[in-house]
Amino acid sequence: DLKQGKFRITGDFTLNISSGPDERLYKAADRFLRRLDGRTGLFFKQGIISQANPQPADDPKLFIITKKKGKIELNEDESYRVLISPEKITLESENDIGALRGMETIIQLLSADDQGYYFPAVEINDKPRFPWRGLMLDVARHYLPMDVLKRNLDAMAAVKMNVLHFHLSDDQGWRVESNAYPKLHQLASDGLYYTQSEIKELVNYAADRGIRVMPEFDLPGHATAILVAYPEFGSMPESYTLVRNAGIFDATLDPTKGKTYQFLDKLFTEMLSLFPDEYIHIGGDENKGKHWKANPQIQAFMKKNNIKNAFELQTYFNNNLLKTINKLNKKMMGWEEILQPGLSKNTIIHSWLGRESLYRAASQGYQTVLSHGYYIDLLYPASDHYTNDPLPDSSERLEKEKKYKLTPEQEKLILGGEATMWSELVTPFTVDSRIWPRTAAIAERLWSPSSVKDVDDMYRRLEIVSVRLEELGLCHIKNRDVILRNLANGGDISALKILVEVIEPYKEYTRDPRGYLYKTYSPYTLMADAASADASSARIFRNRVFSYLQNPNENDFAALNSALFKWRDNHDGFLVTMKVSPVLKNMEGLSKKLSVISSIGLEALDFIGKKSAASQIWYDKNSEVIKSIKDDTEAKKNSNKIFEDERTEIMIVDAVQDLVDAANPEAAKKRREKEKIEKELVEKNREENKNEADGGH
């Protein structure tokens, strides 16, 4: 609730912490004070705060009152209450973790006017909607150094996320030092792995920010790296080599050998001693069972034990592995493929293929976590993630999801969600830009009530959050210009900046179809790596076109006109820069397309502004140009040519078509009717061909 008045911040700002909490709260309070001082530049007099040196203030402006030390575990209380008056600020919580979340809210409230900095008078009673709000970092495909991990933990804390899901093994690498099986890090990491002391350091760093660290060791598939080091545990007697590209591979542990479980028992006993979290993620996804089918001994074992298929054999494997996990007082989590009959109810099901599996698991009594719709590596806009709710109103569920009628108790089994940063196409230099700021939108969806879903307001606030994340060391904004400067070879980057603000990399898996265009050692230094998943200039333009066509006005007209002129003329500047940097030749065609389509947009806008309909000839000609650009983009998405347009696309094409349609509404209506008929014919032919293939049944 917003109150009357403002709390003015001066150099005398100080804080006090109630006695009792441990060092974690003092460290957090000191970070809060330093960040606030850094933003305001007021040179606060209160020095470094620690439990040994709490520096109590005579007249504190911020009182932090907590009752106990919180536990870094699932379902710990994270609630807090903030009361700001013109005279003082009070932060109350049951434990120090709630206080950490409350301090992040307070610093988000920092405002300024012509008199200086202030906090608005307000009362906030807050708690998260879901207890599991995570980020999965895949460090197997591309290793991420400790400084990258730490700055992303700082960012997670800033947006109140509380689980780092650490994907530590896959076909491309094993990333943890092992004393029990040293060949894992010696032969299967390219020398890029975390020492055990670094793992402990990272776990402590996360705990100081109220964040759990859950490791994932992907089994029984995705096991190439393990079998490079110890091929005797593989399902096929072959020499394994580390995978250098993306994809699904056949290397699989042999679940029929007793020595496989002896190996895993010893390995997990060592690995899980590094991670205090109660959960271990075993992966379990994308195992096609090809090596199991090809191995006569495994097939004989299945027949002898009445195991009908690969799914049942994987359940057999999981249940054997679960004995070790239970012995170590841990609980198992896995991707949704592990949800098979006989699976322990203590297991958490991680849904990645769709919400249907989320509800199916909950209806069977399993706790679940959603990642479908939060795959940030697929480069969808923040709006897609923001409107993806683990537990939306029943009216918003898809038909296949509605068949699962969850009781209130079953709904509680839906723990929350995780953003997943698979790293096939990122490096330490670019990973921040693929995680942030979009993950902040996911964090809000998992923290806030489902009723908070204004997309436009989310984008307004996301721009502010994005800039604030930079103070924590994130490089998601500044590294873009570094890439552009390298691409310009010392030349002017202004034309490149204009271009990169209206293009986005191909989405989903079309940037690297079938996983063979890029290798783990390929250059990730091109325009596609500088481009964001949510090109802001293009989004603003699309929204403005929609607004203008709904309600024509001079402000929108002028803004659209200005943007289109800028984009039309940008190609000339691009060509100048390209002369000193041949690598830009790959983007020449796309830059030219932007100029062409912007010219069309200007002509359409002129017709609309003058309220005179464009001719049929003009409409057909320019609609065909736009269609050819779209068709060309779709064709290139399915090609294996990496350099054409660098696998990026212009994000204003449909908006310009909307302007063209508005320039001749009657022609647009005929075009849409024609396209509808053509689409129906295509669908009819497809269905007829399918029936013929099925023998007419």
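Residues numbered from 1 in each chain as written. Predicted model: local features only at pLDDT ≥ 70, side-chain atom pairs only at ≥ 80, totals over all residues. Heavy atoms only, no water.

### Some points on the nonpolar core
Inside soluble globular proteins, nonpolar side chains tend to come together where they are buried.
Then, number 1: Formed by 98 residues in total, the largest nonpolar core has its most connected members in Leu149, Phe166, Trp174, Tyr194, Leu253, Phe268 and Trp436.
Then, number 2: A total of eight residues in this core trace back to one element, the largest contributor, which is helix 3 (residues 146–158).
Then, number 3: Other than its neighbours up to four places away in sequence, tryptophan 436 contacts Asn152, Ala155, Met156, Val159, Met161, Leu469, Leu474 and His476.
Then, number 4: Listed in part, the 52 residues of the second largest apolar core include Ala488, Ala604, Ile650 and Ala668. (Core = buried A, V, L, I, M, F, W, Y, C linked by side-chain atoms within 4.5 Å. Buried < 20%, exposed > 50% of the residue type's maximum accessible area, 1.4 Å probe, protein only. Helix = DSSP H or I, 4+ residues; strand = E, 2+ residues; numbered from the N terminus. Contact = heavy atoms within 4.5 Å.)

### Remarks on the environment of glutamate 23
Then, number 1: Within the secondary structure layout, glutamate 23 lies in helix 1 (residues 23–40).
Then, number 2: Taking the C-alpha atoms as reference, glutamate 23 lies 8.5 Å from alanine 52; in sequence the two are 29 residues apart.

### Describing the pairing of strand 11 (residues 212–219)
Then, number 1: The buried fraction of strand 11 amounts to eight of the eight residues, a majority that puts the element mostly inside the structure.
Then, number 2: With burial as the criterion, each face of strand 11 is covered, one bearing Arg212, Met214, Glu216 and Asp218 and the other bearing Val213, Pro215, Phe217 and Leu219.
Then, number 3: Bridge count between strand 9 (residues 163–170) and strand 11: six bridges; the pairing is parallel. Within the sheet, the bridge partner assigned to valine 163 lies in strand 11 and is arginine 212.
Then, number 4: Bridge count for strand 11 against strand 12 (residues 279–283) is two bridges, and the pairing is parallel. Looking at the pairing, glutamate 216 lines up with histidine 281 of strand 12. (Pairing = 2+ DSSP bridges.)

### What about the packing of aromatic side chains?
The description of an aromatic ring pair uses the distance of the two centres, along with the angle that the planes make with each other.
Then, number 1: Per the stated rule, a full pass over the model turns up 22 aromatic pairs.
Then, number 2: Ring centres 4.6 Å apart and planes at 70° place the aromatic pair tyrosine 181 and phenylalanine 263 in the edge-to-face group. In this pair, tyrosine 181 sits in the loop between strand 10 (173–174) and helix 4 (183–187) while phenylalanine 263 sits in helix 7 (residues 258–272), placing the two residues 82 residues apart along the sequence. For the pair tyrosine 181 and phenylalanine 263, a shared accessibility class is recorded, and that class is buried.
Then, number 3: Judged by centre distance (5.1 Å) and plane angle (70°), the ring pair of phenylalanine 607 and tryptophan 618 falls under edge-to-face. Highlighted residues: phenylalanine 607 in helix 23 (residues 588–610) and tryptophan 618 in helix 24 (residues 616–637), separated in sequence by eleven residues.
Then, number 4: Assessed through its relative accessible area of 11%, tryptophan 618 is described here as buried.
Then, number 5: Taken together, the aromatic side chains of Phe7, Phe13, Phe44 and Phe119 make up a single cluster linked through ring pairs.
Then, number 6: Just above the ring of tyrosine 506 sits the side chain of lysine 637; from NZ or CZ to the centre is 5.6 Å. (Phe/Tyr/Trp six-rings, centres within 6.5 Å; stacked < 30°, edge-to-face > 60°. Lys NZ or Arg CZ within 6 Å of the ring centre and 35° of its normal.)

### Section: unusual backbone geometry
Then, number 1: The residue after leucine 219, namely proline 220, is reached through a cis peptide bond having omega -5°.
Then, number 2: Of note, proline 220 is situated in the loop between strand 11 and helix 6 (224–229).
Then, number 3: Along the chain, tryptophan 436 connects to proline 437 via a cis peptide bond; the corresponding omega equals 5°.
Then, number 4: Looking at the element boundaries, proline 437 is found in the loop between helix 15 (431–435) and helix 16 (438–447).
Then, number 5: The backbone of aspartate 190 sits at a positive phi, close to 55°, despite the residue not being glycine.
Then, number 6: Here aspartate 190 is to be found in the loop between helix 4 and helix 5 (196–207).
Then, number 7: Aspartate 190 gets classed as partly exposed once you look at its relative accessible area, which sits at 47%.

### Describing the packing of helix 21 (residues 536–550) against helix 22 (residues 554–578)
Then, number 1: The contact between helix 21 and helix 22 brings their axes to 10 Å, and the two run at 140°. Taken together, helix 21 and helix 22 sit at an angle that is classed as oblique. The interaxial crossing formed by helix 21 with helix 22 has left-handed handedness. Residues Ser537, Phe541, Arg544, Val545, Ser547 and Tyr548 of helix 21 form the contact with helix 22, whose participating residues are Asp556, Phe557, Ala559, Leu560, Ala563, Leu564 and Trp567.
Then, number 2: Split by residue class, the contact of helix 21 with helix 22 holds nine nonpolar, two polar and two charged. (Axes fitted to C-alpha atoms, helices over the stretch in contact; angles between N-to-C directions. Parallel < 35°, antiparallel > 145°, perpendicular 65-115°, else oblique. Left-handed = near helix turned anticlockwise from the far one by under 90°. Nonpolar A, V, L, I, M, F, W, Y, C, P; charged D, E, K, R; others polar.)

### Considering the pattern of salt bridges
Then, number 1: What the rule picks out here adds up to 60 salt bridges.
Then, number 2: Here lysine 61 makes a salt bridge to aspartate 59, at a shortest N to O gap of 3.2 Å.
Then, number 3: Looking at lysine 61, the relative accessible area reads 21%, which means it is partly exposed.
Then, number 4: The exposure class assigned to aspartate 59 is exposed, which follows from its relative accessible area of 51%.
Then, number 5: The residue aspartate 661 makes a salt bridge to arginine 671 at a minimum N-O spacing of 2.9 Å. Linking aspartate 661 in helix 25 (residues 653–663) with arginine 671 in helix 26 (residues 665–693), this pair joins segments that are ten residues apart in sequence. We note that aspartate 661, like arginine 671, is buried. (Salt bridge = Lys/Arg side-chain N within 4 Å of Asp/Glu carboxyl O.)

### Some thoughts on helix 16
Then, number 1: When you tally the buried positions in helix 16, you get ten out of ten residues, the bulk of the element.
Then, number 2: Looking at helix 16, one finds that the buried residues are Arg438, Thr439, Ala440, Ala441, Ile442, Ala443, Glu444, Arg445, Leu446 and Trp447.

### Looking at the packing of helix 3 against helix 5
Then, number 1: Their axes nearest at 10 Å, the elements helix 3 and helix 5 cross at an angle of 15°. With respect to helix 5, the axis of helix 3 lies roughly parallel. Once helix 3 is placed against helix 5, the crossing between them reads as right-handed. Residues Met146, Leu149, Lys150, Leu153 and Asp154 of helix 3 touch helix 5, and the partners they reach there are Glu198, Glu201, Leu202, Tyr205 and Ala206.

### With respect to the side chain of aspartate 96
Then, number 1: In this fold, aspartate 96 is placed in helix 2 (residues 96–108).
Then, number 2: A polar contact is formed between the side chain of aspartate 96 and the backbone nitrogen of glycine 70, at a distance of 2.6 Å.
Then, number 3: The residues touching aspartate 96, leaving out its near neighbours within four places in the chain, are Asp22, Arg24, Leu25, Thr66, Lys68, Lys69 and Gly70. (Polar contact = N/O pair within 3.5 Å; in protein donor to acceptor, adjacent residues only side chain to side chain.)

### A word on helix 18 (residues 478–487)
In an α-helix there are 3.6 residues to a turn, and that puts residues three or four apart on one side.
Then, number 1: When we look at burial in helix 18, the residues that qualify are Asn479, Asp481, Ile483, Leu484 and Leu487.
Then, number 2: Tucked inside the fold, the buried residues of helix 18 contact helix 19 (494–500) and helix 20 (527–530).

### Focus on the environment of leucine 253
Then, number 1: Relative to the helices and strands, leucine 253 is located in the loop between helix 6 and helix 7.
Then, number 2: Taking the C-alpha atoms as reference points, leucine 253 and glutamine 364, 111 residues apart in sequence, are found 29 Å from one another.
Then, number 3: Every residue in contact with leucine 253, bar those within four places of it in the chain, is listed here: Leu219, Pro220, Ala223, Ile226, Leu227, Phe233, Ser235, Thr260, Leu264, Trp292 and Phe317.

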